[in-house]
Amino acid sequence: MKKNEKGITLIQVVIAVVMLTLIASFAVLNSNDTAVETRIAKAYNEIIEVKKAVIELKMLDEDELKIVLSGDKLENLDEYPNLSAYNKPDQEYYVLKFENEDKKDMLLDTLELRNIENNYIVNIKDIENIEVFLEKGVKVRNEVFYSDDEIIEKYKNIFTAE
C-alpha cells in the first residue's frame with residue numbers, strides 16, 4: 001500500500017527552526033566582529049595618516065610646525081577627562097578638529113589629508129616620538145582605546161594571524 005505523504009512532519013519543522021536559529025546566530029556574531037574590525041581599521045588608518053602628515057611637517061622648523069598646528073594648543077589634557085591618564089608634564093598638545101567645518105579644510109590642505117572624520121590631539125613636544133590621541137576613542141566591546149599605540153596594538157591583534 002502506498003501512503004499519501006503530502007506535507008511535512010513535526011520533526012522536519014523542528015530541524016528547520018533549529019538550523020535557521022543557528023544560521024542567524026552565526027550571522028549576528030559575525031556582523032558584530034565585522035563592525036569592531038571596521039571601527040579599529042578606520043581609526044588605525046586615520047591615525048597612521050595623521051601621524052605621517054605631522055612627521056612630514058617636521059621638515060619645517062619647530063616654530064613653523066607650531067604655527068601650522070596652532071589651531072588649538074593645550075598645555076595639558078585636563079580638558080579631556082578620558083585622556084587624563086595620558087597627560088604628561090611639560091608637553092605641547094594640539095587639537096586637530098576635523099569635525100569643525102571652519103578649520104577642517106585648512107587642516108586637510110595643510111596636512112595634505114583626505115577623508116579624516118575624527119578629531120585628534122597630537123603631542124609634538126618630542127618630534128621624534130609624536131603621540132596621537134583619538135579625541136572620542138574607539139569602543140571595542142567594554143574597552144575604549146584612545147592612544148595611537150593602543151589602537152595600533154589592537155589592530156595588530158585583530159588582523160595579524162598568529
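Structure's up top.
My aim in this report is to walk through the structure given alongside it, one point at a time. Residue positions within a chain follow its written sequence, with the count starting from 1. Local features in a predicted model are, by the rule used here, given only for residues with pLDDT of at least 70; side-chain atom pairs are given and counted only at 80 or more, and totals for whole chains, interfaces and linings are based on all residues. Heavy atoms from the whole structure form the basis of all side-chain values; hydrogens and water molecules are not counted.

### Details of the pattern of salt bridges
The working definition used for a salt bridge is a side-chain nitrogen of Lys or Arg within 4 Å of a carboxyl oxygen of Asp or Glu. With the rule as written, the count across this model stands at three salt bridges. Put simply, Glu46 and Lys42 hold a salt bridge, and the shortest N to O gap is 2.8 Å. Of the two residues, Glu46 and Lys42 are both situated in helix 1 (residues 10–56); the distance of four residues between them amounts to about one turn of the helix. A salt bridge links Glu131 to Lys88; the nearest nitrogen and oxygen atoms lie 2.9 Å apart. Of the two residues, Glu131 is situated in strand 4 (residues 131–140) and Lys88 in the loop between strand 1 (73–74) and strand 2 (93–96); the sequence distance between them amounts to 43 residues. Only protein chains enter the area calculation, which uses a 1.4 Å probe; residues under 20% of their type maximum are buried, those over 50% are exposed, and those in between are partly exposed. Overall, the relative accessible area of 38% leaves Lys88 in the partly exposed class. For the purposes of this entry, the term helix denotes a DSSP run of H or I that reaches at least four residues, the term strand denotes a run of E that reaches at least two, and both are numbered from the N terminus.

### As for helix 4 (residues 148–159)
One less than the residue count of a helix, multiplied by 1.5 Å, gives the span that helix is expected to have. For helix 4, with twelve residues, the first-to-last C-alpha span of 16 Å sits near the 16 Å given by 1.5 Å per residue. Of all the positions in helix 4, only Asp148, Ile151, Ile152 and Lys154 are classed as buried. The buried residues of helix 4 occupy one face: seen down the axis, they fall within an arc of 160 degrees. Directions are taken from the helix axis to each C-beta atom, and the arc is the one they span.

### Brief notes about the pairing of strand 4
Burial runs high along strand 4: eight of the ten residues are buried. By the convention used here, strands pair only if DSSP detects at least 2 bridges between them. As judged from the four bridges shared by strand 4 and strand 5 (residues 143–147), these two strands associate in the antiparallel manner. Looking at the pairing, Val140 lines up with Glu143 of strand 5. Joining the antiparallel neighbours strand 4 and strand 5 is a turn of two residues, in which Arg141 adopts a positive phi near 55 degrees.

### Let's talk about the nonpolar core
Only buried residues count toward a nonpolar core. Its members are Ala, Val, Leu, Ile, Met, Phe, Trp, Tyr and Cys residues joined through side-chain atoms within 4.5 Å. Within the largest apolar cluster, 26 residues are counted, with the highest numbers of intra-cluster contacts made by Val50, Phe98, Tyr120 and Ile151. When residues of this core are traced back to their parent elements, those giving at least two are helix 1, strand 2, strand 3 (120–123), strand 4 and helix 4. In terms of residue count, the dominant contributor to this core is helix 1 (eight residues). Counting ten residues, the second largest nonpolar core, distinct from the first, contains Leu74, Leu77, Tyr80 and Leu83.

### A look at the packing of aromatic side chains
Only Phe, Tyr and Trp rings are paired, with Trp represented by its six-membered ring, and only when their centres lie within 6.5 Å; those with planes under 30 degrees apart are stacked, over 60 edge-to-face, the remainder tilted. Counting across every chain of the model gives four aromatic pairs. Between Tyr44 and Tyr155, the aromatic rings sit 3.7 Å apart at their centres with planes inclined by 5 degrees, giving stacked as the arrangement. Pair noted here: Tyr44 is in helix 1 and Tyr155 is in helix 4, with a separation of 111 residues, a long-range link. Classification of Tyr155 as partly exposed rests on a relative accessible area of 21%.

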